[in-house]
Amino acid sequence: MHMSSCRYIWRPQKICSGFPFRMRISCPSLTSGERMVLSYQFSPCGSERGEGKSIVSFCLLRDSVCIYSTALRSINSVFLQLSRAAILLLLAASRLVSTTFKMFYSAFLLFYFFNNILALKICSFNVRSFGEAKIAKPEVLDVIVKVISRCDVMLIMEIKDIDNKVLPFLMERLNSQPEKRGEKNMYQYVISQRLGRKTYKEQYAFIYKCQMVTVKAVYQYPDDKIDDVDAFSREPFVVWFEAPNTDAKEFVIIPQHTTPEAAVREIDELYDVYMDVKQNWTSPNFIFMGDFNAGCEYVRRKHWKYIRLRENPEFVWLIGDKNDTTVKDSTNCAYDRIVIHGESLLSAIVPNSAAVFNFREAFGLSEEQALAVSDHFSVEMELKANTSILDGIKTQAPKKNKKSKKRRTAS
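(A) A look at the state of the cysteines. In this structure the tally under the stated criterion is 2 disulfides. Here Cys-123 engages in a disulfide with Cys-151; their sulfurs sit 2.0 Å apart. Between Cys-123 and Cys-151 the sulfur-sulfur dihedral comes to about -95 degrees; the bridge is accordingly left-handed. With Cys-123 in strand β6 (residues 120-130) and Cys-151 in the loop between α4 (138-149) and β7 (153-159), this pair connects stretches of sequence that are 28 residues apart. Residue Cys-123 is classed as buried on the basis of its relative accessible area of 1%.

Laid out in C-alpha cells, this is it:
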C-alpha cells in the first residue's frame, strides 16, 4: 500500500454542533481496485466532566461500493479523544515523511483504535423499581438510556413490569437515538420470566449490541436442589454469550439480585448455580454480577468465610469491598459486584477496567435527581479486543475470481 495515494480530509466544525471534529483517511487496499476508508469523528459536547463521544467507522470499497463496514462508538475523556485526533493529524501530515514511516504509523493507528474502542464493555445496573412510572419521566429515562448506551452488554435488574411494556419502550428509545440512525435494531435483549416469592416479582434482562455479541443459550436456574429448595428469592437467569471479536471468545453471565437479609446465603448459593451450569454447558468463562447487597450491614467481614465464591481463590472479585456503589451521600457500601472465573477470561480483561460508573457526577445531577433514576450506580468491566480482528476484513470481503493458468506441456 502506497500511502502517497491516500486522501485526507479534516473538517473542523462549529463547537457543539453534532460532531465538530471529522477526519477521513482513504487509502488503496492491498487488493487492486479496492480502497480502505477510516473515518473518525469526535465531539466534546454535552458533558460537564470532560467526556466526549467518538465514532470510528471503517469501510472497504470496491468500485465505489462498500463491501465490508463497521462502526464503533465510545465515550471517553476529552484528553484520550484528543490524543486519538492528534494521531490522525500526524498521519495526515506525514506526506512529507518516508513511506516506511507512514506505513508504520498506519499500522499503529489501526492497532490503537481497534484495541481501545473495540474492547467489550460489560455492565450491571440495578434500576430501582424499573416500571411504567419510571419510563414516563423523560428526564429519568434519558439518564437510563445514556448509562446503557455506554455498554455493549448490560444487565438490568429490578424490572417490575406486569404488562411487558417497559423493555419494548426502552429498546425503542435506545435504537432511535440520533447517532444510531442507519443501524436498525442495534440493541437487542433477552429477559427472564417474572421471578419472586408470593406476589412480589422482578425480572432480569440483558441488553446487548448485536454486532458485538450474540446469545448462544439461556438457562433459568430451577432452584430445586435437594435439601436446599428455594434458596433464592430471584433465581439467576443465566445467559451464554458469544463474543468472537474478544480474546475471551465467549462467556457465561450468572446474574443475581439478592434479598438484603439473605445476602450471605444467596451469594454462597451462586457456587451451586455455577456447578449446575457447568454440567450443562462447556464454557470455562464465568461472570457473576449484579446487586449482591454484599456490604455494610448485610455482609460483614465475619461473613465472608461462609461464602464459597469468596473463599475459593479461583473466583476473582473485580469490584472490591471499599468501592461505593450507592448514590446517597450518607451511604458507602459495595453492594454491586463483579466476580469472574476462568484463566482465559481473566487474561482477557482490560487492566483497570473494572469500575463503578458514577452517573450522578458524569451527568451533573443532584442527589435528588440521581435517586429518581436509582439508588445504585452501575458497575462495569471490559474485555480486550482480539488483535486478529482485522483479519476479518480480509476474510469477509468477497473474493475475486481468478482465472486458472493452464500449464503448457511440451509436445
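On we go from here.
(B) Seen up close, helix α6 (residues 263-280). Taking 1.5 Å per residue, 18 residues should reach 26 Å; α6 reaches 26 Å between its end C-alpha atoms and fits that length. Three or more residues of α6 are buried, namely Ala-263, Val-264, Glu-266, Ile-267, Asp-268, Glu-269, Leu-270, Asp-272, Val-273, Tyr-274, Asp-276 and Val-277.

(C) Just the sheet that holds strand β14 (residues 315-317), in detail. Strands sit in the order β10-β11-β12-β13-β15-β14 across an open sheet of 6 strands; the sheet is mixed. Taken across any chain shown, the strands that pair with only one partner, and hence form the sheet edges, are β10 (214-220) and β14. On average, each strand axis in the sheet is tilted by 20 degrees relative to the strand beside it, whichever way the strands run.

(D) Focus on the pattern of salt bridges. Going through the model one piece at a time under the given rule, you end up with 16 salt bridges. Measuring nitrogen to oxygen at the nearest pair gives 2.7 Å for the salt bridge that ties Lys-121 to Glu-382. Taken together, the residues span a long stretch of sequence, with Lys-121 in strand β6 and Glu-382 in strand β17 (residues 378-383) at a distance of 261 residues. When sorted by exposure, Lys-121 lands in the same class as Glu-382, which is buried. Taken together, the shared-partner salt bridges connect Lys-121, Arg-150, Glu-380 and Glu-382 into one network.

(E) Examining the pairing of strand β11 (residues 237-243) more closely. For β11, the buried fraction is high: 6 of the 7 residues fall into the buried class. When β10 meets β11, the two strands line up antiparallel, connected through 6 bridges. Bridge pairing in β11 places Val-215 opposite Phe-241. Pairing geometry for β11 and strand β12 (residues 249-255), over 5 bridges, is antiparallel. Paired with Glu-242 across the two strands is Glu-250, which belongs to β12. Linking two consecutive strands that pair antiparallel, namely β11 and β12, is a turn of 5 residues.

(F) Layout of the sheet that holds β6. One open sheet holds the 6 strands; their spatial order is β8-β9-β7-β6-β17-β16, and the pairing between them is mixed. The sheet is open, and its two edges are formed by β8 (187-191) and β16 (355-357), each paired on a single side. The average undirected angle you get between the axes of adjacent strands in this sheet is 25 degrees. Here 6 bridges tie β6 to β7, and the two strands are oriented parallel to one another. Residue pairing across strands places Cys-123 opposite Met-154, the latter belonging to β7. Packed on one face of the sheet, helix α5 (residues 166-175) meets β6, β7, β8 and β9 (203-209) and runs near 165 degrees to β8.

(G) Broad picture of the confidence of the model for the protein chain. The predicted model of the protein chain averages 79 in pLDDT, with 64% of residues at 70 or higher. In the predicted structure, residues 392-411 sits below a pLDDT of 50 and forms 12 contacts with residues beyond four places in sequence or in another chain.

(H) Highlighting the environment of Val-373. Positionally, Val-373 belongs in helix α10 (residues 367-373). Val-373 sits 239 residues away from Lys-134 along the chain, and the two C-alpha atoms are 7.8 Å apart. With residues near it in sequence (within four places) discarded, Val-373 still touches Phe-125, Val-127, Arg-128, Lys-134, Val-140, Val-143, Ile-144 and Phe-359.

(I) Molecular detail of the nonpolar core. Counting residues in each nonpolar core, the largest one holds 34 residues, and the members touching the most others are Phe-130, Ile-156, Leu-170, Ile-207 and Phe-359. Looking at this core, the elements with two or more residues in it are β6, α4, β7, α5, β9, α9 (359-362) and α10. Per-element accounting of this core gives the leading share, 7 residues, to α4. The contact partners of Leu-170, leaving out residues within four places of it in the chain, are Phe-130, Leu-141, Ile-144, Val-145, Ile-148 and Ile-207.

(J) Region of interest: the pairing of β6. Within β6, 9 of the 11 residues are buried, which leaves it mostly tucked inside the rest of the structure. Pairing between β6 and β17: 5 bridges, direction antiparallel. Bridge assignment links Ser-124 to a residue of β17, and that residue is Val-379.

Rules used throughout
Residues numbered from 1 in each chain as written. Predicted model: local features only at pLDDT ≥ 70, side-chain atom pairs only at ≥ 80, totals over all residues. Heavy atoms only, no water. Disulfide = S-S within 2.5 Å. Helix = DSSP H or I, 4+ residues; strand = E, 2+ residues; numbered from the N terminus. Buried < 20%, exposed > 50% of the residue type's maximum accessible area, 1.4 Å probe, protein only. Expected span 1.5 Å × (residues − 1). Pairing = 2+ DSSP bridges. Axes fitted to C-alpha atoms, helices over the stretch in contact; angles between N-to-C directions. Salt bridge = Lys/Arg side-chain N within 4 Å of Asp/Glu carboxyl O. Contact = heavy atoms within 4.5 Å. pLDDT = per-residue confidence, 0-100. Core = buried A, V, L, I, M, F, W, Y, C linked by side-chain atoms within 4.5 Å.

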